[in-house]
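Spelled out, the chains give:
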Number of protein chains: 2
Amino acid sequence: MDPWYKIVTMSSEANLESVLEANGVARQLIGHIGDKWSLLVIAALGHEAQRFSRLKARIEGINQRMLTRTLRALERDGIVERNVYPTSPPTVEYVLTRMGRDLSVAVTGICEWARRNLDEVEASQRLFDERAARRI
Amino acid sequence: MDPWYKIVTMSSEANLESVLEANGVARQLIGHIGDKWSLLVIAALGHEAQRFSRLKARIEGINQRMLTRTLRALERDGIVERNVYPTSPPTVEYVLTRMGRDLSVAVTGICEWARRNLDEVEASQRLFDERAARRI
DNA sequence: CGGGATCCGTCGGGATACTG
DNA sequence: CAGTATCCCGACGGATCCCG
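Residues numbered from 1 in each chain as written. Chains lettered and ligands numbered in written order. Predicted model: local features only at pLDDT ≥ 70, side-chain atom pairs only at ≥ 80, totals over all residues. Heavy atoms only, no water.

## Considerations on the pairing of strand 2 (residues 80-85) of chain B
By the bridge criterion, six bridges tie strand 2 of chain B to strand 3 (residues 91-96) of chain B in an arrangement that is antiparallel. Within the sheet, the bridge partner assigned to B:Asn83 lies in strand 3 of chain B and is B:Glu93. (Pairing = 2+ DSSP bridges. Helix = DSSP H or I, 4+ residues; strand = E, 2+ residues; numbered from the N terminus.)

Laid out in structure tokens, this is it:
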């Protein structure tokens, strides 16, 4: 089976099934980490264990419910690990697993792209909107 | 400004603002390509120009409306270019721009991660669900 | 062929209140 | 402190029909 980048960089007549397979992979991927907060939580976690309230403070705009949900989903996927220490009040720490750390590295490429191209994207948007406004 | 990977790999007490900045970048990113179809369209495009109906055939499960919307959004972002040839019936071709090709390369890392870890993710999910079922 | 317009269901996600 | 439980809404996305 051809890896994804081959599909991306040399999509030809022949490998329709490969595209479909990539379809499935990307679908899974988007299902797991493509929601609004997952990437931010992964970024905020870094490689050191952090407590719930600390994460909530680091991630601007998130509320308890969404942080809990996101952490649960990531835990279910094996991307973060949850450790409870039975103190009083309870202490709960979250830390990236091996898979989580790998993912945070992989995310780097996308984020660097975003960082490099955000200005150009916004410029393109303004141009597009301007033209659209004139046509109407 | 520190790049994203530094935030990810060395998140410490000091760089809260950096996390917030990453917050914004990731937010933009998710807003642009984090929807259900963008990555699939980018993958299906590859580096060669393709017509609307061809794309629709390559991307399993998409309908005209969503393909149109996704292509418009990507065009607005400067990620794909739309070329119309005034033939009859009309011919419309889509092709990745320079930014789009860069992005498709960056996406590779994430997709490779997904490909490598999908089995482990699914195993983790089963384990998690099984445990959850026992506790109840 | 390559769309645009419209209707409509679902579901992600926010606000708020309560709990061990 | 670290959640769980409800309520609610707006946007995303699917189906269908129409058009140049």
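## A few points about the sheet that holds strand 3 (residues 91-96) of chain A
All names here are of chain A. Spatially, the three strands line up as an open sheet ordered 1-3-2, and their pairing is antiparallel. In the strand order of this sheet, the two ends are held by strand 1 (50-51) and strand 2 (80-85), each with one partner. Strand contacts of helix 3 (residues 38-45): strand 1, strand 2 and strand 3, with the helix running at about 100° to strand 3, the strand carrying the most contacts. The sheet contacts of helix 5 (residues 64-76) involve strand 2 and strand 3, and relative to strand 2 the element is tilted by about 110°. (Contact = heavy atoms within 4.5 Å. Axes fitted to C-alpha atoms, helices over the stretch in contact; angles between N-to-C directions.)

## Section: the protein's contact with DNA strand C
Inspection of the region around DNA strand C gives 18 residues, with A:Lys36, B:Ser53, B:Thr68, B:Arg82 and B:Tyr94 positioned closest. The sugar-phosphate share of atoms of DNA strand C within 4 Å of the protein amounts to 72%. Note that a phosphate oxygen of DNA strand C is positioned 2.7 Å from one of the side-chain N or O atoms of B:Ser53. Between DNA strand C and B:Tyr94, the relevant distance is 2.5 Å, taken from a phosphate oxygen to a side-chain nitrogen or oxygen of the residue. Of all the elements in the fold, those that place two or more residues in the surface near DNA strand C are helix 5 of chain A together with helix 4 (52-58), helix 5 (64-76) and strand 3 of chain B. Top contributing element to the surface near DNA strand C by residue count: helix 5 of chain B, with three residues. Considered class by class, the residues forming the surface near DNA strand C number eight nonpolar, three polar and seven charged. (Near = heavy atom within 4 Å. Polar contact = N/O pair within 3.5 Å; in protein donor to acceptor, adjacent residues only side chain to side chain. Nonpolar A, V, L, I, M, F, W, Y, C, P; charged D, E, K, R; others polar.)

## Notes on the protein's contact with DNA strand D
Every one of the 19 residues lining DNA strand D counts as a neighbour, but A:Ser53, A:Arg82, A:Tyr94, B:Lys36 and B:Arg65 are closest to it. For DNA strand D, the backbone portion of the atoms within 4 Å of the protein, that is sugar and phosphate, comes to 68%. In the environment of DNA strand D, a base nitrogen lies 3.0 Å from a nitrogen or oxygen atom belonging to the side chain of B:Arg65. When residues of the surface near DNA strand D are traced back to their parent elements, those giving at least two are helix 4 (52-58), helix 5 and strand 3 of chain A together with helix 5 of chain B.

## Overview of the confidence of the model for chain A
Residues and elements named next belong to chain A. Residues of chain A with pLDDT of at least 70 account for 82%, and the chain-wide mean is 82. Confidence, expressed as mean pLDDT per element, reaches its minimum in chain A at helix 1 (residues 4-10) with 32 and its maximum at strand 3 with 97. Contacts from residues 1-17, a stretch scored under 50 in pLDDT, to residues over four places away or in other chains number 39 contacts. (pLDDT = per-residue confidence, 0-100.)

## Details of the packing of helix 3 of chain A against helix 5 of chain A
Residue and element names in this part refer to chain A. The contact between helix 3 and helix 5 brings their axes to 10 Å, and the two run at 80°. Considering the angle they form, helix 3 stands roughly perpendicular to helix 5. Residue-level contacts link Ser38, Val41 and Ile42 of helix 3 to Leu67, Thr70, Leu71 and Leu74 of helix 5. (Parallel < 35°, antiparallel > 145°, perpendicular 65-115°, else oblique.)

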